[in-house]
Amino acid sequence: MSNLDFRRLRRLRYNPIVRDMVRETHLNKSDFIYPLFSAHGENIKKPVSSMPGVYQMSIENIVEECKEVRDLGIPGVILFGIPEAKDEVGSDAYAEEGIIQRTIRAIKKEVSDLLVIGDVCMCEYTSHGHCGVVHGDDIVNDETLVLLSKIALTQAEAGADIIAPSDMMDGRIAAIRQTLDNHKYKNLPIMSYSAKYASAYYGPFRDAAEGAPKFGDRKSHQMDIANVNEAIREVEEDIAEGADIVMVKPAGAYLDVIRRVKDEFAMPTAAYQVSGEYSMIKAGAQLGWIDEEKIMVESLTAIKRAGADMILTYFAKDIARYLDKQ
Ligand code: PBG
Ligand code: ZN
């Protein structure tokens, strides 16, 4: 065989300018959404030990953080609340003066051009740490829908730009959509955590949001980690019920799910690079075993290459700074 008998794929890899020209996946600052943890109190900026660089912050610090996020060119934030007090039904989650409702109002007042996404679930607000109303050891689906709808409505009234239910109850998108529509929020989009797995990668988040279940687990509502056809059924259901954006969560270990969902439905598709994904990269870097910046870029590129249109990530500020210097 002569040298001319085969193609040389390496030709396009020698010159960095050529490499740039043929690159198939590009990260943009507009791809990213930054999660924030809003805590009750004043003057609070409490580090989350398992998530270096992530803090629980009181409202005035959240607002300052939002200005920085906006100035970096990141389009939006997603908010989680840590209330002063928790109870059986998570009533702070749907209180007009709840931690999230106050946080949304403060951000929309001072950083009105930043997209504010409200995470809708009960586990940060309930004394038992579960995502819904608990009777015995069951998380009761249909009673929970009533409360989820109230959470969504009060967030909408506070000024949220997008509602993001993360609870995984059946029928929540229909219930929330109907409530929003009945209260003049017909045009408020829903980003559904559609294919959310019962994942161990949420461990550090449960420190950050203080929402670990006090007994049992989330396997009766979150998906089995082994399933992908079921993810298709979840997404299909959420779209039928009115979801505008669908999400796969976690991201890095579920790239096949992102790809299937994107190909099957051609919907705006979000992926959540969750706390455990972030913490593992941070820990590996702190030990000097991996290059944090390169792994950050590689992990986010993989998620986008798999089909995600938007990525929720604790690296949002870091990747924005990285993209600025390219
Ligand atoms: C609440 C919620 C969780 C996450 C987002 N919303 C935790 C859970 O379901 O246990 C996880 C986010 C992360 O790990 O970064 N339902
Ligand atoms: Zn929950």
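Residues numbered from 1 in each chain as written. Chains lettered and ligands numbered in written order. Predicted model: local features only at pLDDT ≥ 70, side-chain atom pairs only at ≥ 80, totals over all residues. Heavy atoms only, no water.

Visitor: Can you walk me through the overall build of the protein chain in this structure?
Guide: A tally of regular secondary structure across the protein chain gives 11 helices and 12 strands. For 326 residues, the compact-globule estimate of 2.2 N^0.38 gives 20 Å, and the protein chain sits close to it at 20 Å. Considered along the principal axes of its C-alpha atoms, the protein chain spans approximately 75 × 45 × 40 Å. Split into buried and exposed, the 326 residues of the protein chain put 54% on the buried side. For the protein chain, the exposed area adds up to about 15100 Å²; of that, 50% sits on carbon and sulfur atoms. For the protein chain, the distance from the average site of its 39 positive side-chain charges to the average site of its 51 negative ones is 8 Å. (Helix = DSSP H or I, 4+ residues; strand = E, 2+ residues; numbered from the N terminus. Rg over C-alpha atoms; globule rule 2.2 N^0.38 Å. Buried < 20%, exposed > 50% of the residue type's maximum accessible area, 1.4 Å probe, protein only. Areas by Shrake-Rupley, 256 points an atom, 1.4 Å probe, with all protein chains shown as cover. Lys, Arg positive; Asp, Glu negative; His and termini not counted. Charge placed at Lys NZ, Arg CZ, Asp CG, Glu CD.)

Visitor: Looking at this structure, I do not really get unusual backbone geometry. What am I missing?
Guide: What is expected of a backbone is that most residues other than glycine have negative phi and most peptide bonds are trans. Here the bond from Lys 249 into Pro 250 is cis, since omega is -5°, no more than 30 degrees from zero. Here Pro 250 lies in the loop between strand S10 (245-249) and helix H8 (255-265). Positive phi, normally seen in glycine, also occurs at Lys 184, with a value near 65°. Within the secondary structure, Lys 184 is located in the loop between helix H5 (172-182) and strand S9 (191-196). Residue Lys 184 is classed as exposed on the basis of its relative accessible area, which comes to 80%.

Visitor: Would you explain the coordination of the zinc ion (ligand 2) in this entry?
Guide: Perfect tetrahedral coordination of a metal by four donors corresponds to 109.5 degrees between them, and perfect octahedral coordination by six donors corresponds to 90 or 180 degrees. Within the protein, Cys 121 (SG), Cys 123 (SG) and Cys 131 (SG) serve as the donor atoms for the zinc ion (ligand 2), at 2.3 Å. Note that the zinc ion (ligand 2) binds four donor atoms; their angles at the metal cover 93 to 131°, and the shape is tetrahedral. Counting along the primary sequence, the residues that act as donors to the zinc ion (ligand 2) give the motif C-x1-C-x7-C. Assigned by exposure class, Cys 123 and Cys 131 land together as buried. (Donors = N, O, S within 2.8 Å, 3.2 Å for Na, K, Ca; no water. Tetrahedral: all angles 85-135°; square planar, octahedral: opposite > 155°, others 65-115°.)

Visitor: Sorry, what's going on with the packing of helix H9 (residues 275-286) against helix H10 (residues 292-305) here?
Guide: The angle between the axes and the distance between the axes are what describe a pair of packed helices. Where H9 contacts H10, the axes come no closer than 9 Å and their chain directions differ by 155°. Classed by the angle they form, the pair H9 and H10 counts as roughly antiparallel. In the packing of H9 onto H10, the handedness of the crossing is right-handed. Seen from H9, the contacting residues are Ile 281, Lys 282 and Ala 285; seen from H10, they are Glu 292, Ile 295 and Ser 299. Tallied by class, the residues present in the contact of H9 with H10 amount to three nonpolar, one polar and two charged. (Axes fitted to C-alpha atoms, helices over the stretch in contact; angles between N-to-C directions. Parallel < 35°, antiparallel > 145°, perpendicular 65-115°, else oblique. Left-handed = near helix turned anticlockwise from the far one by under 90°. Contact = heavy atoms within 4.5 Å. Nonpolar A, V, L, I, M, F, W, Y, C, P; charged D, E, K, R; others polar.)

Visitor: Is there a simple way to explain the side chain of Ser 275 in this structure?
Guide: Relative to the assigned elements, Ser 275 resides in helix H9. There is a polar contact of 3.2 Å between the side chain of Ser 275 and the backbone oxygen of Tyr 201. Excluding anything up to four places from it in sequence, Ser 275 contacts Met 51, Tyr 201, Tyr 202, Gly 203, Pro 204, Phe 205 and Tyr 314. (Polar contact = N/O pair within 3.5 Å; in protein donor to acceptor, adjacent residues only side chain to side chain.)

Visitor: So what exactly am I meant to see when it comes to the pairing of strand S12 (residues 310-313) here?
Guide: The side chains of a regular strand alternate, first on one face of the sheet and then on the other. Here S12 shows two buried faces, one formed by Met 310 and Leu 312 and the other by Ile 311 and Thr 313. Across two bridges, strand S1 (residues 32-39) lies against S12 in parallel orientation. Bridge assignment links Phe 32 to a residue of S12, and that residue is Ile 311. Relative to S12, strand S11 (residues 269-273) runs parallel, the two sharing four bridges. Within the sheet, the bridge partner assigned to Ala 271 lies in S12 and is Ile 311. (Pairing = 2+ DSSP bridges.)

Visitor: Is there a simple way to think about a positive patch on the surface in this case?
Guide: Positive charge collects at one region of the surface, where Arg 8, Arg 10, Arg 11 and Arg 13 lie side by side. Structurally, Arg 10 can be placed in the segment before helix H1 (16-22). (Patch = residues over 30% accessible without salt bridge, like charges linked within 9 Å, V, L, I, M, F, W, Y side chains within 5 Å. Salt bridge = Lys/Arg side-chain N within 4 Å of Asp/Glu carboxyl O.)

Visitor: Looking at this structure, I do not really get the nonpolar core. What am I missing?
Guide: Ranked by internal contacts, the top residues of the largest apolar core, which has 104 residues, are Phe 37, Val 77, Ile 107, Met 191, Tyr 272, Leu 300 and Ile 319. Considering each element in turn, this core owes the most residues, seven residues, to helix H4 (residues 141-158). Contacts of Tyr 272, omitting those with residues within four sequence positions, involve Pro 35, Phe 80, Tyr 193, Phe 205, Met 247, Val 248, Lys 249, Pro 250, Ala 251, Glu 277, Leu 312 and Tyr 314. (Core = buried A, V, L, I, M, F, W, Y, C linked by side-chain atoms within 4.5 Å.)

Visitor: How should the site of ligand 1 be read in this particular structure?
Guide: Around ligand 1 there are 18 residues in total, and Arg 206, Arg 218, Lys 249, Ser 275 and Tyr 314 lie nearest to it. Lys 196 has a polar side-chain atom sitting 2.8 Å from an oxygen atom of ligand 1. Here an oxygen atom of ligand 1 and a side-chain polar atom of Arg 218 are 2.5 Å apart. The protein chains hide 100% of the 400 Å² of surface that ligand 1 would expose on its own. (Near = heavy atom within 4 Å.)

Visitor: Just checking my understanding: could you explain the environment of Ala 164 for this structure?
Guide: Structurally, Ala 164 is set in strand S8 (residues 162-165). As for Ala 164 and Ser 194, which are separated by 30 residues in sequence, their C-alpha atoms are 9.9 Å apart. The contact partners of Ala 164, leaving out residues within four places of it in the chain, are Ile 78, Ile 117, Gly 118, Asp 119, Val 120, Met 191 and Tyr 193.

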